[in-house]
Amino acid sequence: MSITALLVLKCTPDTPNPVILAHAFDFSGFNYFYHPNISEFVRFFGSTVAGRTLPSQRQSVKHKDEVVHAYNRNGLCAVGFMDDCYPVRSAFSLLDQVLDEYQKIFGETWRSAKEVSNQKWPYLVEALEKFKDPAEADKLLKIQIELDETSIIIHKTIDGLLARGEKLDNLVEKSSDLNKASKLEIVFDMRKLMFYKRARKTNSCCTIL
Amino acid sequence: MQARRGQSSYRDRTDEFFGIVETLRRSIAPDAANNVPYGGGGGGRREDPRSAVANQSEFKKRAAVIGLAINQTSQKLSKLAQLAKRSSVFDDPTREIQELTAVIKQEISSLNSALIDLQAVRNSHNDERTISRDTTTHSATVVDDLKNRLMDTTKEFKDVLTLRTENMKIHEIRRQRFTSNPSKESTNPFVRQRPLASKPAATQPAPLPWASSSSSSSSSSQLVPRRQGEAESSPLLQQSQQQQQQMVPLQDTYMESRAEALHNVESTILELSNIFTQLATMVSQQGEIAIRIDQNMEDTLANVEGAQSQLARYLNSISSNRWLMIKIFFVLIAFLMVFLFFVA
């Protein structure tokens, strides 16, 4: 579950080739010697896809094992290179966030950019790291996962509760049996007591005698 | 009807023929009497009085109609079974199958109600007049036979439906092999899976809720429109299968997936609240039980303590009795001594 690259480009209809405004790469998964190749590939691919994405349109392109997601928003385009198992929805919400941040920080200056700028934007690099886990990027996904965990726990609790109920029923039975048994014994004892009281009364006359 | 004829084909049916002729003469509705001859003791019925025959013939008519309808339904069912077995990936006669299924379901339910009516008619006839024992047993047997055949038909119908769902599953798997990215989400461990669909929790693919609850329309209808939306792009994909890159328009799917995710969250929360309320109810009930147990134990304790005091007193009285007895014994000995003195 990794993001290979994040790019922010400017692709308006008047510029034939999209201009890369900011980029962040993470090539840890690839062989060291291929890094420049991959960087070249990423740039080329990113600008191509961004160029072909119409404004306010989202696109996903699959290339071997990697998927490229592109989101164009009024000329400002965010492209992300992720692997297969990154869910599409999280990818696009991530691109959304990236675009928002960019607009917040850089305002509208990007519109005038004509060539590839090499300024490093640390937010992108952080984003690359942070959003390896799609749950971070997509709040809905996070909520969903937590809800599922909670419901698992609740089901276990209910099972325990049912077992407790059974044991309580057991106890009720036994205690009521005990109750009845002890009542019988009391009755038995009371009868014996009455008998011996009477006996003693009669005997007491003899003693006096 | 044909099966019944086949069963009784080796019987001598002249008696029945005579019976039919008489019924024809007597009964009010003439043409339905053609359906009357089904295998059974036709001889005894000839002697019934006229009203009984009329009532019997109505019963027979209905039974015959039901039998015929059951036959037709089973024929349609066999056609449906053929269609279901035949379907391939592309030439899928889904609509026809669904229509047939609906028709068959309707027919089965109407047959059910007709059978119940038939039984009611028979009971009312039995209450009205006195009839021979044979007739009652016969009508009972007929009704049972019809019921059995209807049950068999329903069972076959169910089998056909299961077969159909299995086929659909196989199609989906094949389709997934040919398409790629959009449907790969089903194997994604991060796609939301129902962890409580069965006990071994986490690694269930998304097609499973659809396949395992094929008759529950909610989950299937959720997934099926999505799959259909992507299946429409699959012919394009199969054309460009040679290419490694595929451009798939995702705009609608994205919105749909967000909407679906929201729905899922909402329904999960509802379920959770439900479970919580049940939990609270059960806990309060068990609290009552616990109080009862407590009460019982206190009563028992009081009883046992009382029993213990009784026993103690009992013991006392026993021992005091002994003391009394000793006294009496001494008195006796005194008397003996006096007696001995006087004698000796």
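Predicted, not measured: the structure shown is a model, and the values here were computed from it. (Residues numbered from 1 in each chain as written. Chains lettered and ligands numbered in written order. Predicted model: local features only at pLDDT ≥ 70, side-chain atom pairs only at ≥ 80, totals over all residues. Heavy atoms only, no water.)

Novice: Could you clarify how one ought to interpret helix 3 (residues 122-130) of chain A in this entry?
Specialist: Each α-helix winds once per 3.6 residues, and so residues spaced three or four apart point in a common direction. All names here are of chain A. Along helix 3, the residues that are buried comprise Tyr123, Leu124, Ala127 and Leu128. Looking down the long axis of helix 3, one finds its buried residues gathered within 145° of arc, a one-sided arrangement. Set apart from the buried face of helix 3 by more than 90 degrees, the exposed residues are Pro122 and Glu129. Buried residues along helix 3 sit in contact with strand 1 (3-10), strand 2 (19-25) and helix 2 (88-106). (Buried < 20%, exposed > 50% of the residue type's maximum accessible area, 1.4 Å probe, protein only. Helix = DSSP H or I, 4+ residues; strand = E, 2+ residues; numbered from the N terminus. Arc of directions from axis to C-beta. Contact = heavy atoms within 4.5 Å.)

Novice: Whenever I open this one, a negative patch on the surface confuses me. Can you help?
Specialist: Among the surface-exposed residues, Glu166, Asp169, Glu173 and Asp177 of chain A lie close enough to one another that they form a single negatively charged patch. Take Asp169 of chain A: it is sitting in helix 5 (residues 139-208). (Patch = residues over 30% accessible without salt bridge, like charges linked within 9 Å, V, L, I, M, F, W, Y side chains within 5 Å. Areas by Shrake-Rupley, 256 points an atom, 1.4 Å probe, with all protein chains shown as cover. Salt bridge = Lys/Arg side-chain N within 4 Å of Asp/Glu carboxyl O. Lys, Arg positive; Asp, Glu negative; His and termini not counted. Charge placed at Lys NZ, Arg CZ, Asp CG, Glu CD.)

Novice: Sorry if this is basic, but what is going on with the confidence of the model for chain B here?
Specialist: Note: predicted coordinates in regions of low pLDDT should not be interpreted at a detailed level. Residues and elements named next belong to chain B. The predicted model of chain B has a mean per-residue pLDDT of 71, with 63% of residues at 70 or higher. Element-level pLDDT for chain B is lowest in helix 7 (residues 207-212), with a mean of 38, against a maximum mean of 88 in helix 10 (residues 251-343). The model gives residues 31-49 a pLDDT under 50, and that stretch makes 34 contacts with residues more than four places away or in other chains. This model gives residues 197-248 a pLDDT under 50, and the stretch forms 60 contacts once residues within four places in sequence are excluded. Scored by ipTM, the complex comes to 0.70, with pTM at 0.44. (pLDDT = per-residue confidence, 0-100.)

Novice: I would appreciate a short explanation of the nonpolar core in the present structure.
Specialist: One broad trend across soluble globular proteins is that nonpolar side chains are buried collectively. Residue and element names in this part refer to chain A. Ranked by size, the top nonpolar core spans 28 residues in total, and within it Val8 and Trp121 carry the most contacts. Within the residue set of this core, elements represented by two or more residues are strand 1, strand 2, strand 5 (76-83), helix 2 and helix 3. Here the element with the most residues in this core is helix 2; it accounts for nine residues. If near-sequence neighbours (up to four positions away) are discounted, Val8 is found in contact with Val19, Ile20, Leu21, Ala22, Leu76, Cys77, Val98, Tyr102, Trp121 and Leu124. (Core = buried A, V, L, I, M, F, W, Y, C linked by side-chain atoms within 4.5 Å.)

Novice: Sorry if this is basic, but what is going on with a positive patch on the surface here?
Specialist: Among the surface-exposed residues, Lys197, Arg198, Arg200 and Lys201 of chain A together with Arg313 of chain B lie close enough to one another that they form a single positively charged patch. The dominant element in the positive patch, judged by the number of residues it contributes, is helix 5 of chain A, at four residues.

Novice: Where do I start with the interface of chain B and chain A in this structure?
Specialist: Interfaces are often sized by the accessible area lost when the parts come together. Facing the 56 residues of chain B at the interface are 61 residues of chain A. Counting the surface lost from both chain B and chain A, the interface buries some 5,500 Å², and carbon and sulfur atoms represent 68% of this. Viewed at the interface, chain A and chain B are joined by zero salt bridges. Taken together, the connections running from chain B to chain A amount to seven residue pairs in polar contact (both at pLDDT 80 or more). (Buried area = accessible area lost by both parts, 1.4 Å probe. Polar contact = N/O pair within 3.5 Å; in protein donor to acceptor, adjacent residues only side chain to side chain.)

Novice: Explanation requested: the packing of aromatic side chains in the structure shown.
Specialist: The relative placement of two aromatic rings is captured by the distance of their centres and the angle of their planes. Enumeration over the complete set of coordinates arrives at four aromatic pairs over all chains. Ring geometry for Phe41 of chain A versus Phe45 of chain A: centroids 5.1 Å apart, planes at 40°, classification tilted. On the criterion of helical spacing, the pair formed by Phe41 of chain A and Phe45 of chain A is a turn pair, its members being four residues apart in helix 1 (residues 35-52). For Phe41 of chain A, a relative accessible area of 29% translates into the label partly exposed. Here Phe45 of chain A falls in the buried class, since its relative accessible area comes to 6%. Note on Phe17 of chain B and Phe18 of chain B: the rings are 6.3 Å apart at their centroids and 40° apart in plane angle, and the pair reads as tilted. The exposure class assigned to Phe18 of chain B is partly exposed, which follows from its relative accessible area of 46%. (Phe/Tyr/Trp six-rings, centres within 6.5 Å; stacked < 30°, edge-to-face > 60°.)

Novice: Looking at this structure, I do not really get the UniProt feature "transmembrane region" (unreviewed entry) in chain B. What am I missing?
Specialist: Per the UniProt entry, the sites bearing "transmembrane region" (unreviewed entry) are residues 323-343 of chain B in this numbering. As annotated, residues 323-343 of chain B has a helix share of 100% and a strand share of 0%, and its two end C-alpha atoms lie 30 Å apart. (UniProt positions renumbered as here; feature names shortened; annotations may be inferred.)

Novice: Help me understand the pattern of salt bridges, please; the structure alone is not making it clear to me.
Specialist: Pairs can form between side chains of opposite charge whenever their charged atoms are close. Considering all chains together, one arrives at four salt bridges over all chains under this definition. In this structure, Lys62 of chain A engages Asp84 of chain A in a salt bridge whose closest nitrogen and oxygen atoms are separated by 3.4 Å. Of this pair, Lys62 of chain A sits in strand 3 (residues 57-63) while Asp84 of chain A is found in the loop between strand 5 and helix 2, placing the two residues 22 residues apart along the sequence. In this structure, the salt-bridge partner of Glu107 of chain B is Lys76 of chain B, at a minimum N-O distance of 2.4 Å. One end of the pair, Glu107 of chain B, is in helix 4 (residues 94-128); the other, Lys76 of chain B, is in helix 3 (residues 50-86), with 31 residues separating them in the sequence.

Novice: Explanation requested: a nonpolar patch on the surface in the structure shown.
Specialist: All names here are of chain B. Judged by side-chain polarity, Trp323, Ile326, Ile328, Phe329, Phe330, Leu332, Ile333, Met337, Leu340 and Phe341 come together as a nonpolar surface patch covering roughly 1,100 Å² of accessible area. In this structure, Ile326 sits in helix 10. With relative accessibility at 44%, the residue Ile326 sits in the partly exposed group.

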